[in-house]
Number of protein chains: 4
Amino acid sequence: MSDGDHANERPAPESRRKGTSQPSPEIRKTDDPAPFLTRIFRSLTRHRSADAQGADRGAGRVAALCHALLSERGEVSGARLATDVLSAYRALDAPAVDAFFDFLVLEFSPDPAAIERAADAYHAIPSQANLIRLQAAVEPPRQELFRRFNMAEGGISLLVEMRRQLLPTLGAHPQRAGIDIDLLHLFRSWFNRGFLVLRQIDWRTSALVLERLIHYESVHQIQGWDDLHRRLEGDRRCYAFFHPALPDEPLIFIEVALTRGMTAKVQPLLDLKSPVIDPATTDCAIFYSITNCQMGLRGVSFGNFLIKQVAEDLGRAFPRLKTFATLSPVPGFRDWLIRASQSSAPALSPKLMMLLETFERGAPIEERLFGPELRAEITRLCAYYLLHAKRGRAPLDPVARFHLANGARLQRINWMGDTSQTGMTRSLGLTANYLYRLADVEHNHEAYAQEHHIVASHQLERLARHAQHVG
Amino acid sequence: MSDGDHANERPAPESRRKGTSQPSPEIRKTDDPAPFLTRIFRSLTRHRSADAQGADRGAGRVAALCHALLSERGEVSGARLATDVLSAYRALDAPAVDAFFDFLVLEFSPDPAAIERAADAYHAIPSQANLIRLQAAVEPPRQELFRRFNMAEGGISLLVEMRRQLLPTLGAHPQRAGIDIDLLHLFRSWFNRGFLVLRQIDWRTSALVLERLIHYESVHQIQGWDDLHRRLEGDRRCYAFFHPALPDEPLIFIEVALTRGMTAKVQPLLDLKSPVIDPATTDCAIFYSITNCQMGLRGVSFGNFLIKQVAEDLGRAFPRLKTFATLSPVPGFRDWLIRASQSSAPALSPKLMMLLETFERGAPIEERLFGPELRAEITRLCAYYLLHAKRGRAPLDPVARFHLANGARLQRINWMGDTSQTGMTRSLGLTANYLYRLADVEHNHEAYAQEHHIVASHQLERLARHAQHVG
Amino acid sequence: MSDGDHANERPAPESRRKGTSQPSPEIRKTDDPAPFLTRIFRSLTRHRSADAQGADRGAGRVAALCHALLSERGEVSGARLATDVLSAYRALDAPAVDAFFDFLVLEFSPDPAAIERAADAYHAIPSQANLIRLQAAVEPPRQELFRRFNMAEGGISLLVEMRRQLLPTLGAHPQRAGIDIDLLHLFRSWFNRGFLVLRQIDWRTSALVLERLIHYESVHQIQGWDDLHRRLEGDRRCYAFFHPALPDEPLIFIEVALTRGMTAKVQPLLDLKSPVIDPATTDCAIFYSITNCQMGLRGVSFGNFLIKQVAEDLGRAFPRLKTFATLSPVPGFRDWLIRASQSSAPALSPKLMMLLETFERGAPIEERLFGPELRAEITRLCAYYLLHAKRGRAPLDPVARFHLANGARLQRINWMGDTSQTGMTRSLGLTANYLYRLADVEHNHEAYAQEHHIVASHQLERLARHAQHVG
Amino acid sequence: MSDGDHANERPAPESRRKGTSQPSPEIRKTDDPAPFLTRIFRSLTRHRSADAQGADRGAGRVAALCHALLSERGEVSGARLATDVLSAYRALDAPAVDAFFDFLVLEFSPDPAAIERAADAYHAIPSQANLIRLQAAVEPPRQELFRRFNMAEGGISLLVEMRRQLLPTLGAHPQRAGIDIDLLHLFRSWFNRGFLVLRQIDWRTSALVLERLIHYESVHQIQGWDDLHRRLEGDRRCYAFFHPALPDEPLIFIEVALTRGMTAKVQPLLDLKSPVIDPATTDCAIFYSITNCQMGLRGVSFGNFLIKQVAEDLGRAFPRLKTFATLSPVPGFRDWLIRASQSSAPALSPKLMMLLETFERGAPIEERLFGPELRAEITRLCAYYLLHAKRGRAPLDPVARFHLANGARLQRINWMGDTSQTGMTRSLGLTANYLYRLADVEHNHEAYAQEHHIVASHQLERLARHAQHVG
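These numbers come from a predicted model, not from an experiment.

1. Side note on the overall build of chain A
Right, on to step 1. Within chain A, the secondary structure is distributed over 22 helices and ten strands.
Right, on to step 2. Within the structure as shown, chain A displays about 20,100 Å² of accessible surface, and the carbon and sulfur contribution to it stands at 52%.

In structure tokens, the structure reads:
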């Protein structure tokens, strides 16, 4: 971490005394200096402005409390100490939070020297005992620290918030990847499917939760309470996963419309004045929006479970439902089209190329601009895009990636399915239906997972073929 | 794992195909053979009886399902596969469970070669990325496997049960320590204090839970429903920790008597016919029994939190309560006395030595045998035992170890405090009161944790001093 | 109301000022002493022992509190006053409760003079307004008093208890019938079906409620917790009605066994060691016990609703269930047989008459005493008894009356269906199955209600016919 | 519906066969014809338009179902029949509802001849038995009918709705008073304080209930969800009474602001942007709005209980609260002032009289129009109004009547306490604080109830005195 003459620079040295997270300076001297930590450390401690020093001090105080929480005292007074840590952390401003992340790297990472020793011992004798020692040596003290956060009321939600704050800083601070991994590891364990509770959301749900749906919904923004109310009427369903320790905080939610026939268009669904259909007369459940609420839980996947469980539950409640499908955006289509227009395959008609250019120059995208030929061409190209445009071996379109990996089948694309400005801008108004046939989901998923094989309807496949020939 | 000519010996090769947990044979050949696994493996595969082979087959089928659960398919069909694993596991008989533990070692342990490579890379460049790789390499696939168990209804309780079955086998199978550590690691994360729910248990509690209290209580066995009912009357309190995923399963519970003055004797508390006192007239809360219910959660500590939270809650509900203390057994006293009688310090009176001998030969231990002198001597010796008899630097008596580490103060010992046969046999009828003064608990705990300093009343200290001199 | 010289006779005159309670009847007719009230009053006030005077004093204090509760003050301080009334009432011993009932008659009955006046006014002009005045005049102040009891915690359960105490005294005190009618009127309103909550009782139910089932069950007594537990296993169901204001107090409960085929015998059902059947394999729901818990609610009928709702709920939960039937005692059979043996129709065989005589003399009733002929004869006679023995136009057997009035069909009688001592003694071991076919219940009920027509199986009718011819 | 000869006049004769509600025609002929019923009936049956005949037919169908519900069949198939009645009633349009009320009068009133007979019998022998018969004779069959409504889901809320529809028709149809009394009688029994549940309303309450608060609040209208949210922040409390059978339907609710000092002004309380105060720093609970939600429950008083229980609950939760007071409108002040200006006592200043005139002619009422002298005069007059203006012996102001009858003390009047248009128009901007001192409430109430004595602060009394002298 440092050579001898920087001994005094160590932050919060008194809290380090008891800590187990750091090599003692002697070890670091005789062993190898940990170059990457040293570099961070130097960058932290020199040339800092007064503001930065203030941030350091605030962050340092939180770090000191964290050391106490990890110490012996933490075992007996954990709840109180954890409460102190939480309050202190919450009082930090953005620069101090940033400084605190550096403390988490510097003072709560595994000890490189201890890792070396454990690795050497395991190398010599790869016994179970030596493996256990090596596992212990590589586990960052942060993990136990984070677990102890949870002894205080609100610990878990603070950790989710902390990761939300951390994620945008990872690009500029690659050394913080370890914090991220520790939090993600913890969240995967804590937000394990087995602990999640599926709750139906309706007009009897608390305003506190409903308000959060309004806030979080990002696919088709909710325009206030009246809009929300329409989405919770008798021909709609909404479900969310909750964690028992966060009873007011939806983790992910899905909005479903019960319809007659597979819906192609978004706008009628979102129309506040649309008539409420008797659900007993419907045959189709349309998943028209699915929203991950917690940025801080990125990488913990819920959507997959949610769709399938909701489909199963609805199927039981309404045996007449025959079709379970999404009504999804095609968010990457127009961008891809523009790039395609600059390459050669598939070829675009001159008319379409010209039109795209006018859009690029800012002309409004309106339905009336597309005659029958353009409509046919664009539809074919969209089929081609969904089936053949790739990022690596996977589909380029992120929504396609999600549903196909879940075992859905690409069933249909819909002309002018979303005429909102976003819909027109991103995908020239096209939407897609992904079909969830519960009996096929596993098989589809495996075909996709092993071969990146996309299961699509014949119609889609034919359209995509024509795109190549005609284009 | 093996040299070339044993390639065919690999058990359950079909389940290995998809698995990601194991090095491929080529790697193992070119790298170093994993000697300890090989040894296990050989012991497993030779000289097996027909029964043992049947057990292997059953266990192998569960292991194959486990591989599926860990595979790609597990991601999409996890809940179903986990349900299959659970049913299959539950159908195993004891030898098959034992065989399955071997599979867990053989097929779901980290890959030694991968560890070596990751350790080498980290040795060369101790970067964050290499650290993360090393952490991944040492994490057993079992951990993810166990997390996926939890996707099925009942997963968590099966895992607790599995560890209960595993623990007694660790002595004979040290290579299984890794399984134990993985489960313990998981349980410490899942049964984190922040997720536990404290519930008061009373006569309005479900019979399902109450029946389990009757079953689990081990300090002072509950003699059926009437006994339990008396323990839940108005002058008693009972609290338990629960996990939200196991709502009917108490993890630990504590029984409290609200009394006037600090109770010395167990039998009146347990008397079904004892009059029920108005709790408003009491000044003392006596913790007379604390029971860990789940053998499979050994090592996940709850008791510490429970006592303190219950003391705080009761203090708020009954501001007149001044004293929070246990009425505890002294389980190791007589055994220690016998050993002491064979050594020199502290010296025992000839009368006591003679009496102990008759007990050893089977004479019943009765109060009438102890005259005033013996009573005084034994009491002093018990004080000496609690304060000075050690295992390492900690008290020899396990109950003392628990409460003193929690920050309690050894307040009093009580002659004929427990005249049940168990009480007489284990401690010549003595009981101890450990005092929980919330204001001192943290300080006491630290003194104990750092110096193994025992905080005791003056009376106890004086008694202990006299034991040495007079003995 | 009276002329001057009787003024002093009025009891509790100060409370009468506002009250409308009672003049004596004589006063009204001849304006001379009212015999029945006077008698009560004199019996209350003269020649009373010291004990009785103490009871009067206690009851008088409660009555005075009742007047306060009914007064202006009661409107603003009702909850407190009602609480005082409740405590004071609860402190009364049996003689004081009895005296209090007299106060309820004397001081909280309608005012006869006011009734006369209102009746006269209505007679003169039968207008709506005069009708309303007459309705007000005949309503006893007790009704409002009882409603105000309910402002205190526990008011409703005290009223139920009060009626339980009142009922046995009605025979000796016919003037108390009005109290009974007022309470019944109130209870019919409060315990209206629309307010009752049907709850399934199982092993997750609170011990407080379960303990009461054990206490109340009177058809087939529950022999402690193990017996209860067996009755709540997977092949059994238990349901009870509760009132929201009495959440721990079952009003009525029914025990159901899910069986394969219509059960004939009680003892296997009650056998603690009987194997638990998978409910998915059953086709029959047997109602084997239905218990009204609250003596004080006699006359408020619940059973009728309970059976039908439980049958409907079970039918939805287990579509395979085809038969819903009771397994019922035939409680009046033997008594009737004895009386029949002394009359001429239907004629009993000499052998049976002799046997009945030995039973009357105390000989134990055992299965081995009945040969095939006796068995056939007794079975026929039982069919005859159920179909033709009457009380008025209704069946003599009270259980038959209940189920037939509910719309059930008398389906089968079972030889040695209940070999318990009670079963043998009351009905020579016979049991009956009443069948609840939901589709026929209303029709059966109407046939019964209008014509006392009993719907029975052909087999039962044939048996009953043979009883007459052969007997 | 019929011509003059009476045989055919019986409405719904088939349903009458079983009914007990009506005298048979013979009786009515030979006895006295019930003149008032006949008159109603004739008015109903002649000169009816086609529309009216349609309404009669619809209402007649409901009435026929009601007869069935009251019959034997109702006892066994009550739930189904009640459900049919409810649906049929809900399908009625306004004229048909009106016609149905006439059926309730004609066919479900007590039988006059039966009343006469019972009254005669009671006159002859005023025994308990005859009293009971008379009570039965005067009870309208409607009462039992309404009780049976409650066997269906939603019965109770339909009855509340029915009374809401009935009330406005009573003026024109005095013969319907009996229906009203029956419903009120039922509701007083069913909505008895002992059955009501006090629930705190906050942002965790269901949107369904919150939406109803927005709808019902009439004192200070709630301007949408943001306004409601502000009223549920940390320095506010809201409580409502609910009935267990109507869990989503608030019966009455009260809004409370926790403040520092007794608030005088409405507008700051209603300001959405007002800062949220830490409730721990407040000393005063201001009841600033109390709303009866159910028009159909008019006459069943809840407010009295609600204020007192909320004051008690808040006092326990926040021991620092010293003052419990309302911030109330003075709704009748300006109207009274105008009338006062036309009489002689108290005399108004010419300036004030002129100003009132300009307001009457439509000039806007604005604060700047009132100089210090007018302010002083108006304040005095308002004190005079509240203390001395009467309706009978009670205060003329309805809000004063309510709070003073509840035992509150008139504490203060506030200049420009409500500057909303309503506030200015009704009371020239004045508001009043009524103080609820729990210790005095009962005493104040009794003084008011017995003598109409108004408890007011000295300041108010002085102001009122000056009004008379100076005026």
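2. As for the interface of chain C and chain D
Right, on to step 1. Of the residues lining the interface, 57 residues belong to chain C; the matching set on chain D comes to 55 residues.
Right, on to step 2. With both sides pooled, the region where chain C packs onto chain D buries about 4,700 Å², and carbon together with sulfur makes up 60% of that total.
Right, on to step 3. Taken together, chain C and chain D are joined by two salt bridges.
Right, on to step 4. Of the charged contacts in the structure, one is a salt bridge between R80 of chain C and E442 of chain D, with a shortest N-O distance of 2.7 Å.
Right, on to step 5. At the junction of chain C and chain D, the tally comes to 17 residue pairs in polar contact (both at pLDDT 80 or more).
Right, on to step 6. Mapped by element, the contributors of at least two residues to the side of chain C that touches chain D are α2 (25–29), α5 (72–90), α7 (112–124), α8 (128–138), α11 (177–190), α15 (303–317) and α21 (438–451) of chain C.
Right, on to step 7. Take the side of chain C that touches chain D: its biggest share by element is seven residues, from α11 of chain C.

3. A look at the nonpolar core
Right, on to step 1. F191 and F333 of chain A together with F100, F191, F333 and F370 of chain B are the most contacted members of the largest nonpolar core, which totals 225 residues.
Right, on to step 2. Non-local contacts of F100 of chain B, meaning those with residues more than four positions away in its chain, are made with A59, V62, A63, C66, Y89, L92 and M162 of chain B.
Right, on to step 3. The next biggest cluster of nonpolar side chains, apart from the first, holds 223 residues, and it includes L258, L337 and L352 of chain C together with F305 of chain D.

4. Quick look at the interface of chain A and chain B
Right, on to step 1. Taken together, the contact pairs 54 residues of chain A with 55 residues of chain B.
Right, on to step 2. Between chain A and chain B lies a buried interface of about 4,600 Å² when both sides are counted; carbon and sulfur atoms form 60% of it.
Right, on to step 3. Scanning the region where chain A abuts chain B turns up two salt bridges.
Right, on to step 4. For the interface between chain A and chain B, the tally reads 17 residue pairs in polar contact (both at pLDDT 80 or more).
Right, on to step 5. Mapped onto the side of chain A that touches chain B, the elements with two or more residues apiece are α3 (35–45), α5 (72–90), α7 (112–124), α8 (128–138), α11 (177–190), α15 (303–317) and α21 (438–451) of chain A.
Right, on to step 6. Here the side of chain A that touches chain B takes seven residues from α11 of chain A, the largest share from any one element.
Right, on to step 7. Here the side of chain A that touches chain B is composed, by residue class, of 26 nonpolar, 16 polar and twelve charged.

5. With respect to the relation of the copies chain A and chain B
Here two copies of a chain appear, and what relates them is a rotation about an axis with a shift along it.
Right, on to step 1. Laying chain A over chain B is done by rotating through 180 degrees and shifting 0.0 Å along the axis; what remains is an RMSD of 0.1 Å. Here the two chains are linked by the operation of a two-fold rotation axis.
Right, on to step 2. When the interface residues of chain A are mapped onto chain B, 100% of them again lie at the interface, so the same face is used by both copies.

6. Things to note about unusual backbone geometry
All names here are of chain C.
Right, on to step 1. The backbone of M416 shows a phi angle near 55 degrees, a positive value even though the residue is not glycine.
Right, on to step 2. Note on placement: M416 falls in the loop between β9 (409–414) and α20 (421–427).
Right, on to step 3. You can call M416 buried: its relative accessible area is 2%.

7. A closer look at the relation of the copies chain C and chain D
Right, on to step 1. The two copies are related by a screw motion: chain C maps onto chain D through a turn of 180 degrees and a shift of 0.1 Å along the axis, at an RMSD of 0.1 Å.
Right, on to step 2. Both copies contact each other with a shared surface, as 91% of the interface residues of chain C are interface residues in chain D too.

8. Details of the packing of helix α4 (residues 50–70) of chain D against helix α6 (residues 94–107) of chain D
When two helices pack together, their arrangement is given by the angle between the helix axes and the distance between those axes.
Residues and elements named next belong to chain D.
Right, on to step 1. Between α4 and α6, the least distance of the axes is 8 Å, while the angle of their chain directions is 45 degrees. On the basis of their axis angle, the class for α4 and α6 is oblique. α6 is crossed by α4, and the crossing has right-handed handedness. Listed contacts from α6 to A55, D56, A59, G60, V62, A63, C66 and H67 of α4 are P95, A96, A99, F100, F103 and E107.
Right, on to step 2. Its residues placed into classes, the contact of α4 with α6 shows ten nonpolar, two polar and two charged.

9. Describing the pairing of strand β10 (residues 431–435) of chain C
All names here are of chain C.
Right, on to step 1. When you tally the buried positions in β10, you get five out of five residues, the bulk of the element.
Right, on to step 2. Relative to β10, strand β6 (residues 328–329) runs antiparallel, the two sharing two bridges. Counted as the bridge partner of P329 is T431 from β10.
Right, on to step 3. Bridge count for β9 against β10 is five bridges, and the pairing is antiparallel. Across the sheet, residue I413 finds its bridge partner in β10, namely A432.

10. Details of the pairing of strand β5 (residues 323–326) of chain B
Residue and element names in this part refer to chain B.
Right, on to step 1. Two strands pair when backbone bridges link them, and strand β4 (residues 284–292) and β5 are joined in this way by four bridges, in the parallel orientation. Along β5, the bridge assignment pairs A285 with F324.
Right, on to step 2. Assessed by its sense of winding, the connection that carries the chain from β4 through helix α15 (residues 303–317) to β5 is right-handed.

11. Some details on helix α19 (residues 398–405) of chain D
The α-helix advances 3.6 residues per turn, and as a result positions three or four apart in sequence lie on the same side.
Right, on to step 1. What α19 of chain D keeps buried is the set V399, A400, R401, H403 and L404 of chain D.
Right, on to step 2. Just past α19 of chain D, the residue G407 of chain D takes up positive phi, approximately 100 degrees.

12. A closer look at the pattern of salt bridges
Right, on to step 1. On inspection of all chains with the given rule, the structure shows 84 salt bridges over all chains.
Right, on to step 2. Salt-bridge contacts for E161 of chain B lead to R164 of chain B; the nearest nitrogen and oxygen are separated by 2.8 Å. You can see E161 of chain B and its partner R164 of chain B sitting in helix α10 (residues 155–166), three residues apart, about one turn around the helix.
Right, on to step 3. For E161 of chain B, a relative accessible area of 29% translates into the label partly exposed.
Right, on to step 4. The partner of R80 of chain C in a salt bridge is D84 of chain C, with the nearest N and O atoms 3.3 Å apart. Pair noted here: R80 of chain C and D84 of chain C are both in helix α5, with a separation of four residues, about one helical turn.
Right, on to step 5. Where salt bridges share partners, they join E139, E144, R147 and R148 of chain A into one cluster.

13. Description of the side chain of N192 of chain A
Right, on to step 1. Turning to its location among the elements, N192 of chain A is positioned in the loop between α11 and β1 (197–201).
Right, on to step 2. Classification of N192 of chain A as buried rests on a relative accessible area of 6%.
Right, on to step 3. Leaving out residues up to four positions away in the same chain, N192 of chain A has contacts with F187 of chain A together with R147, N150, M151 and W190 of chain B.

14. Here's the deal with the packing of aromatic side chains
Residues and elements named next belong to chain D.
Right, on to step 1. Per the counting criterion, the structure on display carries 54 aromatic pairs over all chains.
Right, on to step 2. Both rings, one in F333 and one in W336, keep their centres 6.2 Å apart while their planes meet at 25 degrees; by these two values the pair is stacked. Here F333 and its partner W336 are both found in helix α16 (residues 333–342), three residues apart, which amounts to about one turn of the helix. Each member of the pair, F333 as well as W336, carries the same accessibility label: buried.

15. Let's talk about the environment of V138 of chain D
Right, on to step 1. Checked against the element boundaries, V138 of chain D lands in helix α8 (residues 128–138).
Right, on to step 2. Take V138 of chain D: its relative accessible area is 2%, and that puts it in the buried class.
Right, on to step 3. Taking the C-alpha atoms as reference points, V138 of chain D and P110 of chain D, 28 residues apart in sequence, are found 5.7 Å from one another.
Right, on to step 4. Those residues in contact with V138 of chain D that sit more than four places away from it in its chain are L134, Q135 and V138 of chain C together with P110 and I115 of chain D.

Analysis parameters
- Residues numbered from 1 in each chain as written.
- Chains lettered and ligands numbered in written order.
- Predicted model: local features only at pLDDT ≥ 70, side-chain atom pairs only at ≥ 80, totals over all residues.
- Heavy atoms only, no water.
- Helix = DSSP H or I, 4+ residues; strand = E, 2+ residues; numbered from the N terminus.
- Areas by Shrake-Rupley, 256 points an atom, 1.4 Å probe, with all protein chains shown as cover.
- Contact = heavy atoms within 4.5 Å.
- Buried area = accessible area lost by both parts, 1.4 Å probe.
- Salt bridge = Lys/Arg side-chain N within 4 Å of Asp/Glu carboxyl O.
- Polar contact = N/O pair within 3.5 Å; in protein donor to acceptor, adjacent residues only side chain to side chain.
- Core = buried A, V, L, I, M, F, W, Y, C linked by side-chain atoms within 4.5 Å.
- Buried < 20%, exposed > 50% of the residue type's maximum accessible area, 1.4 Å probe, protein only.
- Nonpolar A, V, L, I, M, F, W, Y, C, P; charged D, E, K, R; others polar.
- Least-squares fit on C-alpha atoms with pLDDT ≥ 70 in both.
- Axes fitted to C-alpha atoms, helices over the stretch in contact; angles between N-to-C directions.
- Parallel < 35°, antiparallel > 145°, perpendicular 65-115°, else oblique.
- Left-handed = near helix turned anticlockwise from the far one by under 90°.
- Pairing = 2+ DSSP bridges.
- Right-handed = clockwise from strand over helix to strand, strands pointing away.
- Phe/Tyr/Trp six-rings, centres within 6.5 Å; stacked < 30°, edge-to-face > 60°.

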